[in-house]
Amino acid sequence: MSELLTRLQNESKDKAIYRQALDHALAYLDSLKDRPAFPTAPALDALQSLDERLPEGPCNTSDILRLLHEIGAPAAVAQGGGRYFGFVNGGVIPAALAARLLADVWDQNAALRIMSPIAAKLEAICETWLLDLLDLPKGSAAGFVSGTSTATLCGLLAGRNAILSRQGWDVAERGLFGAPPIRLVMSEAVHGSVFKALGILGIGQAQIEVVAADDQGRFDARQLPQLDETTLLILQAGNVNSGAFDDFAGICAAAQQAKSWVHVDGAFGLWARACQATARLTTGIELADSWSVDAHKTLNSPYDCGVVFCKDRLTLAGALQASGSYLHFSEARDGMLYTPEMSRRARGIELWALLKALGRAGVDELVAQLCARARQFADELARRKFRILNDVVFNQVLVACERPELTRETLRAIQASGECWCGGSEWRGEPVIRISVCSWATTEADLRRSVAAFVAARSGALSMI
């Protein structure tokens, strides 16, 4: 036996490196509350020490883990620490993180039931639970993918194929060359991932009809064009800047009458439907045909964990079909039927653990807490003469100072402080500071500390301008 194989067997047997990795992981968790929200300049500079040529031979595993802990951990973004408000990045619920660690050790391939009966079973349970929790049509299919970008791609793919099928065109048999035209109707405020998905699907600019958004970033229902059965309509549950929700009841009713396909991008906002205080924002959303959502945002699962839902199970499976004599399908759930990937990690395990740990009441409380923290953040900043530019209906807050240059400099100072971290965006022609309250770990004390960082950053920026 080679020296390398002997070493691997010994590492697997004595478990020391796994204990070391767990010790480093727990040390990181213990330090989260005190870590800067974003890595310091010295921590980022230290990353250069990782630049090297590929080693010619094996390296000591313990040394590798120590390097990750000493150089990697300080350069990690503390998005689970309670003061990170960037990019709608959620925290992580402890039960889900623990299940993720266990599932990673199991190292399951969730493509087919025969590859992992436990993964298939828990995906099936999650599908049932999520449809119930989100009050979506019974019998809808759920595909567990990496995130909303992929989930949106799957929903639009199913819609495209369904629309062409109604016109007598079988994409699987005939491809897209020469296919009948499709209309794509969407708001000017859609997320950038939608354009990426459309490009992959071969839907060009000439096929897209862009509708104006209102002052909150909602699809302006007054501008809705005449729809028909060749139309693929995209709506949004949670504008990426303002958090606003489209008028699903009115628009979806018109789409149903016209036999159009409706996809709802609900990356973080679809979870509003699982909370009594915010469910009204999603009235009528059940009338759509497909939906996409991230569990790693509002629900606080580990990354990466997205879900595509499709009312027509056979259409989704047909759009993502795969075949091969070596594939052994079962009478139970085979996850690859509802996802683009064949081989993929069993992310349904941690999602099941999260849903079981929280239950319906816990999900309700989590969503309500995030929204309450966002409103508190907005109120505290408004009292300190910051401008709040959106109606805070969910977990997003748009903040500006008196002048654009002051807003930009204040944002730079906030990001450099390490006290909290927010992203920048542009809203109705002016720069804004974009706050996304997404972590269960964010406390009132975290908000007070973050508000103080805003005030100090603005004060410092004023002295520089």
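All of these numbers come straight from a predicted model, not from anything done at the bench.

Colleague: Now, about a nonpolar patch on the surface: what can you tell me, with residues and values included?
Modeller: Residues L22, L26, L29 and L101 make up a contiguous nonpolar surface patch of about 340 Å² in total accessible area. Along the chain, L29 falls in helix 2 (residues 16-31).

Colleague: So what's going on with the pairing of strand 2 (residues 141-145)? Which residues, and what values?
Modeller: By the criterion of burial, strand 2 is predominantly enclosed, with five of the five residues buried. Here strand 2 shows no split at all, with A141, G143 and V145 on one side and A142 and F144 on the other all buried. With five bridges joining them, strand 2 and strand 8 (residues 306-310) adopt antiparallel strand pairing. The partner of G143 across the bridge, within strand 8, is V308.

Colleague: With reference to specific residues and values, describe the sheet that holds strand 5 (residues 231-236).
Modeller: The strand order across the open sheet formed by seven strands is 2-8-7-6-5-3-4, and the pairing between neighbours is mixed. The open sheet has two free edges, formed respectively by strand 2 and strand 4 (208-211), since each of these has just one partner strand. Strand-to-strand twist of the sheet, defined as the mean angle between neighbouring strand axes without regard to direction, takes the value 20 degrees. Sheet strands touched by helix 10 (residues 248-258): strand 5 and strand 6 (261-265). Its angle to strand 5, the strand with the most contacts, is close to 170 degrees.

Colleague: I'd like a description of unusual backbone geometry, backed by residues and values.
Modeller: The peptide bond linking Y303 to D304 adopts the cis configuration, its omega dihedral lying at -10 degrees. Relative to the helices and strands, D304 is located in the loop between strand 7 (290-294) and strand 8. Phi at K259 takes a positive value of approximately 65 degrees, unusual for a residue other than glycine. Along the chain, K259 falls in the loop between helix 10 and strand 6. The phi dihedral of N300 is positive, around 65 degrees, even though this residue is not glycine.

Colleague: Residues and numbers for helix 7 (residues 148-166), please.
Modeller: Spanning 19 residues, helix 7 covers 27 Å between terminal C-alpha atoms, matching the ideal 27 Å at 1.5 Å per step. For helix 7, the buried fraction is high: 16 of the 19 residues fall into the buried class. Within two residues after helix 7, G168 carries a phi angle of roughly 80 degrees, on the positive side.

Colleague: Please give an account of the environment of R83 that cites residues and values.
Modeller: Relative to the helices and strands, R83 resides in the loop between helix 4 (61-72) and strand 1 (84-85). The class for R83 is buried, based on a relative accessible area of 3%. Residues contacting R83, with those up to four places away along its chain left out, are K33, D34, R35, A37, G418, E419, C420, W421, D446, R449 and S450. Among the polar contacts listed, one links the side chain of R83 to the backbone oxygen of R35, at a separation of 3.1 Å.

Definitions and limits used
Residues numbered from 1 in each chain as written. Predicted model: local features only at pLDDT ≥ 70, side-chain atom pairs only at ≥ 80, totals over all residues. Heavy atoms only, no water. Patch = residues over 30% accessible without salt bridge, like charges linked within 9 Å, V, L, I, M, F, W, Y side chains within 5 Å. Areas by Shrake-Rupley, 256 points an atom, 1.4 Å probe, with all protein chains shown as cover. Salt bridge = Lys/Arg side-chain N within 4 Å of Asp/Glu carboxyl O. Helix = DSSP H or I, 4+ residues; strand = E, 2+ residues; numbered from the N terminus. Buried < 20%, exposed > 50% of the residue type's maximum accessible area, 1.4 Å probe, protein only. Pairing = 2+ DSSP bridges. Axes fitted to C-alpha atoms, helices over the stretch in contact; angles between N-to-C directions. Contact = heavy atoms within 4.5 Å. Expected span 1.5 Å × (residues − 1). Polar contact = N/O pair within 3.5 Å; in protein donor to acceptor, adjacent residues only side chain to side chain.

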